[in-house]
Amino acid sequence: MTRQVITLIGGGLVGALLAQLLAKRGLEVEVFEKRPDPRQVGFTAGRSINLALAERGLQALRRAGLSDDVLQRAVMMRGRMVHPLEGSSGLQRYGVDDSEVIWSVSRGGLNMLLLDAAEAAGVKLHFGQSLVSADFDARRIVLADENNRLHPHDTPVLVGADGAGSTLRHAMNDYLPLGIRVEPLGHGYKELEIPPATGAERFAIEPHALHIWPRGGYMCIALPNTEGSFTVTLFLPAHGPHPSFDTLSDSAAAAAFFRQNFPDLLPLIPDFAEDYDNHPVGTLSTLYLDRWHIDNRSLLIGDAAHAIVPFHGQGMNCGFEDTVVLADLLAESGHDTGDAFAEFQRIRQPNANAIAAMALENYIEMRDSVADPHYLAKRELGARLAERAPKHFMARYRMVTFTHLPYAYAYERGRAQDQLLEQLLRGSISANDVQLNAAISTLEATLPPLPPLRHG
Ligand code: FAD
Ligand code: 8R5
């Protein structure tokens, strides 16, 4: 009996993890990755870019047997540390206690660890091989090596984990229109660095938090790195009136803007001018597709299928959740890829749409409403309801970040809970004005209990 062969395009976060999960289940997996092997050229040589890992991503890493390794090199983030322009900063916890935290991990380190694990599971990795075109009738692809030499390659089944700019998606769309829509956010981002501190403390600011400097129409955030540095990201309108990346076209203009609007942050970034002038402005968009697969021949997964804006910190987490769903479906279907691909799209598309919408909403929340009294009153009332009636109320952020409840459920339940909070707070300024016992009765009468939660 010949083993089923699956060809993955892209050995990034999702491709490397999926490859390992499939190989562990007995499939023959090969990966073609455009870039050179990061374990050889040194991914860490460049800037340290970090990502927030939450329960959905962790769950997938547990499945792969890698969660302990990853957490060992991660920095715990207990909540948001909000830095207002005036007044002192404060921590808003993400969860109820230290069992509900998110983790800052190095992208490069994580990718290398996943590639090692894939290789150990028997995956054949090919670096410096970039997909150029695909002939779906002939079941053949063409790859270009680092010298731009073209190599045809026969492959029965293709999975595209080649990221937001996916070449496989373009090739599939030429063969069978996928209904691609790209919605640009209109805001861009720029990365800056807070280096490690020199004194007794390794970190210049609180290490165990995700820092936010909310400023209404824009914001900065900072995530800790294990070495003691922080990666700061400025999010700002791309174009238009001041302030935008158009009007802050160089570090001199940007430094003046920071002196006014981020006076506590600027002194922490000693290489501000160099960082600002040399790092590109990143673009942010949401990607929607009507279809993710061509029958049993080709499927898109991760950012290639559903790139989202970053404000919920769920892009990788969602892609990792994808890999578990797909690996299970392929195993259940007796490796009938057509059924598995169709089912994958049926299950995951509503969830991808839901997290795309929630990520967009969380930008407003992060940059703006964290400082809004009505928002804080709602948040406080929600926290009291969750404490007193945990079977009936859970903040949407917690459902997204700390449970495996489907994103589509979290979105819908969050909407219903929000309506209820608005109703309970009508005419009140503070959560203290709301009769808690009566509120709980209304809650229990209005909303069904939450589904039971799986742990670990
Ligand atoms: P990618 O990681 O982009 O990997 C795609 C791979 O395919 C790459 O290795 C690429 O070289 C390769 N490739 C591309 N084209 C070809 C080709 N033609 N042939 C062969 N190979 C190809 N998510 C979170 O959950 N939490 C966060 O905090 C977070 N922070 C982020 C910070 C930044 C700065 C950015 C940009 C994103 C962040 N995300 C975060 C989102 C997360 O990075 C993505 O959702 C995740 O990387 C998607 O994984 P992927 O494997 O689908 O795509
Ligand atoms: N992605 C994140 C959150 C939610 C934090 C909260 C937000 C940088 C390009 Cl913007 C952002 C979150 O609601 O309190 N968790 O994880 C990660 C985020 O941005 C990442 C680092 C990023 C794309 C630049």
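Every chain is numbered on its own, with residues counted from 1 as its sequence reads. Written order determines the labels here, with chains lettered from A and ligands numbered from 1. Whole-chain, interface and lining totals are the exception, using all residues; otherwise, since this is a predicted model, local features are given only for residues with pLDDT of at least 70 and side-chain atom pairs are given and counted only at 80 or more. Just so you know, side-chain values use all the structure's heavy atoms and leave hydrogens and water out.

## Remarks on the site of ligand 2
Note on definitions. A residue lies near a molecule or strand when any single heavy atom of the residue is within 4 Å of it. Close contacts around ligand 2 come from 16 residues, with Ala-52, Arg-80, Tyr-94, Pro-310 and Asn-362 the closest. Residue Tyr-94 places a side-chain N or O atom 2.8 Å away from an oxygen atom belonging to ligand 2. In protein, a polar contact means a hydrogen-donor-capable atom and an acceptor-capable atom, both N or O and within 3.5 Å, with residues adjacent in sequence counting only if both atoms are side-chain atoms; elsewhere, any N or O pair within 3.5 Å suffices. With respect to ligand 2, the side chain of Asn-362 contributes an N or O atom lying 2.9 Å from an oxygen atom. Elements supplying a minimum of two residues to the shell around ligand 2: β14 (210-214), β16 (230-237) and α11 (337-367). Gly is placed with the polar residues, together with every amino acid not listed as nonpolar (Ala, Val, Leu, Ile, Met, Phe, Trp, Tyr, Cys and Pro) or charged (Asp, Glu, Lys and Arg). Taken together, the residues that form the shell around ligand 2 break down as 11 nonpolar, four polar and one charged. For helices the rule is a DSSP run of H or I covering at least 4 residues; for strands it is a run of E covering at least 2, with both sets numbered from the N terminus onward.

## A short note on the sheet that holds strand β1 (residues 5-9)
Spatial strand order, β8-β2-β1-β12-β19-β18: six strands in an open sheet with mixed pairing. Every other strand in the sheet has two partners, leaving β8 (124-127) and β18 (293-294) as the edge strands with one partner each. For two strands to be treated as a pair, DSSP must find no fewer than two bridges joining them.

## Some remarks on the packing of aromatic side chains
Geometry of aromatic contacts follows a simple scheme: Phe, Tyr and Trp rings, the Trp one being its six-membered ring, pair when their centres are within 6.5 Å, and the pair is stacked under 30 degrees between planes, edge-to-face over 60, tilted otherwise. Evaluation of the coordinates by the stated rule reveals 16 aromatic pairs. Ring centres of Phe-272 and Tyr-276 lie 5.7 Å apart, and the angle between their planes is 20°; on these two criteria the pair is classed as stacked. Of this pair, Phe-272 and Tyr-276 both sit in helix α8 (residues 272-278), four residues apart, which is roughly one turn of that helix. On the basis of relative accessibility, which here comes to 2%, the residue Tyr-276 falls in the buried class. Here the aromatic residues Tyr-218, Phe-257, Phe-258, Phe-262, Phe-272 and Tyr-276 are joined through ring pairs into a cluster of three or more. Working rule: Lys NZ or Arg CZ, within 6 Å of ring centre, within 35 degrees of ring normal, means a charge sits over the ring. Above the face of the Tyr-407 ring, Arg-56 is positioned so that its terminal group lies 4.1 Å from the ring centre. Its guanidinium or amino end placed over the ring of Tyr-363, Arg-367 lies 4.4 Å from that ring's centre, counting from NZ or CZ. When a residue's accessible area, from a 1.4 Å probe over protein chains only, is under 20% of the maximum for its type it is buried; when over 50% it is exposed; and in between it is partly exposed.

## A word on the packing of helix α12 (residues 373-388) against helix α14 (residues 407-425)
The description of two packed helices rests on the angle between their axes and on the distance between the axes. Helix axes use the C-alpha atoms of the stretch in contact, all axes being lines fitted to C-alpha atoms, and the angles between their N-to-C directions lie in the range 0 to 180 degrees. Running from N to C, α12 and α14 point in directions that differ by 105°, and their axes come no closer than 10 Å. What the angle tells us is that α12 and α14 run roughly perpendicular. Of α14, the residues touching α12 (which contributes His-374, Ala-377, Lys-378, Leu-381, Gly-382 and Leu-385) are Asp-418, Leu-421, Glu-422, Leu-424 and Leu-425. Any angle that falls under 35 degrees is termed roughly parallel, while one over 145 is termed roughly antiparallel, one within 65 to 115 roughly perpendicular, and all others oblique. Contact criterion: two residues are considered in contact whenever any of their non-hydrogen atoms come within 4.5 Å of each other.

## Details of helix α3 (residues 55-63)
Most of α3 sits inside the fold, with seven of its nine residues counted as buried. Buried within α3 are the following residues: Glu-55, Arg-56, Gly-57, Leu-58, Gln-59, Ala-60 and Leu-61. At the exit of α3 stands Gly-65, carrying a positive phi of roughly 75°.

## Here we look at the side chain of Gln-345
Looking at the element boundaries, Gln-345 is found in helix α11. For Gln-345, a relative accessible area of 15% puts it in the buried group.

## Digging into the pairing of strand β5 (residues 79-82)
Across four bridges, β5 lies against strand β6 (residues 90-93) in antiparallel orientation. What sits directly across from Met-81, in β6, is Leu-91. Relative to β14, β5 is paired through three bridges, and the arrangement is parallel. In the strand pairing of β14, Val-82 is matched with Ile-212.

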